[in-house]
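Here is how the chains run, residue by residue.
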Amino acid sequence: EDQVTQSPEALRLQEGESSSLNCSYTVSGLRGLFWYRQDPGKGPEFLFTLYSAGEEKEKERLKATLTKKESFLHITAPKPEDSATYLCAVQAGGGADGLTFGKGTHLIIQP
Amino acid sequence: DGGITQSPKYLFRKEGQNVTLSCEQNLNHDAMYWYRQDPGQGLRLIYYSQIVNDFQKGDIAEGYSVSREKKESFPLTVTSAQKNPTAFYLCASRRTGEGETQYFGPGTRLLVL
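Residues numbered from 1 in each chain as written. Chains lettered and ligands numbered in written order. Predicted model: local features only at pLDDT ≥ 70, side-chain atom pairs only at ≥ 80, totals over all residues. Heavy atoms only, no water.

## Quick word on the interface of chain B and chain A
By a widespread convention, an interface's size corresponds to the accessible area lost as its parts come together.
Here is step 1 of the chain: Chain B puts 21 residues into the contact, and the matching count from chain A is 21 residues.
Here is step 2 of the chain: Considering only the side of chain B, the residues that lose the most area to chain A are L43(B), E100(B) and F104(B), jointly responsible for 31% of the buried surface there.
Here is step 3 of the chain: Linking chain B with chain A are zero salt bridges, by the criterion used here.
Here is step 4 of the chain: Viewed at the interface, chain A and chain B are joined by five residue pairs in polar contact (both at pLDDT 80 or more).
Here is step 5 of the chain: Going through the elements one at a time, strand 4 (31–37), strand 5 (44–51), strand 9 (87–94) and strand 10 (103–104) of chain B are the ones with two or more residues in the side of chain B that touches chain A.
Here is step 6 of the chain: Its residues assigned to classes, the side of chain B that touches chain A shows ten nonpolar, nine polar and two charged. (Contact = heavy atoms within 4.5 Å. Buried area = accessible area lost by both parts, 1.4 Å probe. Salt bridge = Lys/Arg side-chain N within 4 Å of Asp/Glu carboxyl O. Polar contact = N/O pair within 3.5 Å; in protein donor to acceptor, adjacent residues only side chain to side chain. Helix = DSSP H or I, 4+ residues; strand = E, 2+ residues; numbered from the N terminus. Nonpolar A, V, L, I, M, F, W, Y, C, P; charged D, E, K, R; others polar.)

Set out below in structure tokens:
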């Protein structure tokens, strides 16, 4: 069974304080790993797709990395507008064509 | 603007009533999906469709039904057999053959009266 575990469940940082969110996964044949940002009451907003170990992608203050067992979302010098829940999901090879999600990390950036 | 629309934003269901949630996309995507989100849980797959007139059950299909008569539309019906329907429902779509990324709509919150 495919599993995704995100840690920590919640994280409170001061503005400018860099940190990383973790996504550990077990999947039978990884087709892709996805990071989304979700604001309260809204649908998830796509951030990154990673396909193979060693791959990295960046967007503004965010950088996503991938190994064979986990992915990290690094947040550099965050601002209050980066406050949101960050979701990690995997797409497995074969079987049902849907994503398996973690429970998310709730990030709060204090000014 | 291209995107995914869901309606209504809020929906109230009385006991024993069937309700239908709308999902429309103008992205020319082939595949469409329905997920359910509950507090403290990850999104869970209800149904998905990779082409018109075809759909498959996801992990939690019991008490739900779907149709895919048009490429742009993938409505979800929450039937009276779904005993715990209160949740945030999210529709997503993906263009097959161009990576696996799914894009999500704004969601519908279903509440039981």
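## Observations concerning the confidence of the model for chain B
Here is step 1 of the chain: In the predicted model, chain B carries a mean pLDDT of 93, and the fraction of residues at 70 or more is 96%.
Here is step 2 of the chain: Mean pLDDT across the elements of chain B bottoms out in strand 2 (residues 10–13) of chain B (94) and peaks in strand 7 (residues 64–66) of chain B (98). (pLDDT = per-residue confidence, 0-100.)

## A look at the pairing of strand 11 (residues 108–112) of chain B
Residues and elements named next belong to chain B.
Here is step 1 of the chain: Taken together, the four bridges between strand 2 and strand 11 define a ladder with parallel strand orientation. Residue pairing for strand 11: F12 is matched across the bridge by L111.
Here is step 2 of the chain: For strand 9 and strand 11, the ladder comprises three bridges, and the chain directions are antiparallel. What sits directly across from Y89, in strand 11, is T108. (Pairing = 2+ DSSP bridges.)

## Concerning the packing of aromatic side chains
Here is step 1 of the chain: The final tally for this structure, using the stated rule, is eleven aromatic pairs over all chains.
Here is step 2 of the chain: Ring geometry for F101(A) versus F104(B): centroids 6.1 Å apart, planes at 75°, classification edge-to-face. Taken as a pair, F101(A) in strand 10 (residues 99–101) and F104(B) in strand 10 lie in two separate chains rather than in one.
Here is step 3 of the chain: Where Y47(B) meets F55(B), the ring centres are 6.0 Å apart and the plane angle is 75°; that geometry is what we call edge-to-face.
Here is step 4 of the chain: We classify Y47(B) as buried; its relative accessible area is 7%.
Here is step 5 of the chain: F55(B) sits in the partly exposed class, given a relative accessible area of 37%.
Here is step 6 of the chain: Pairwise contacts between aromatic rings join Y36(A), F46(A), F101(A), Y33(B), Y35(B), Y48(B), Y103(B) and F104(B) into one cluster. (Phe/Tyr/Trp six-rings, centres within 6.5 Å; stacked < 30°, edge-to-face > 60°. Buried < 20%, exposed > 50% of the residue type's maximum accessible area, 1.4 Å probe, protein only.)

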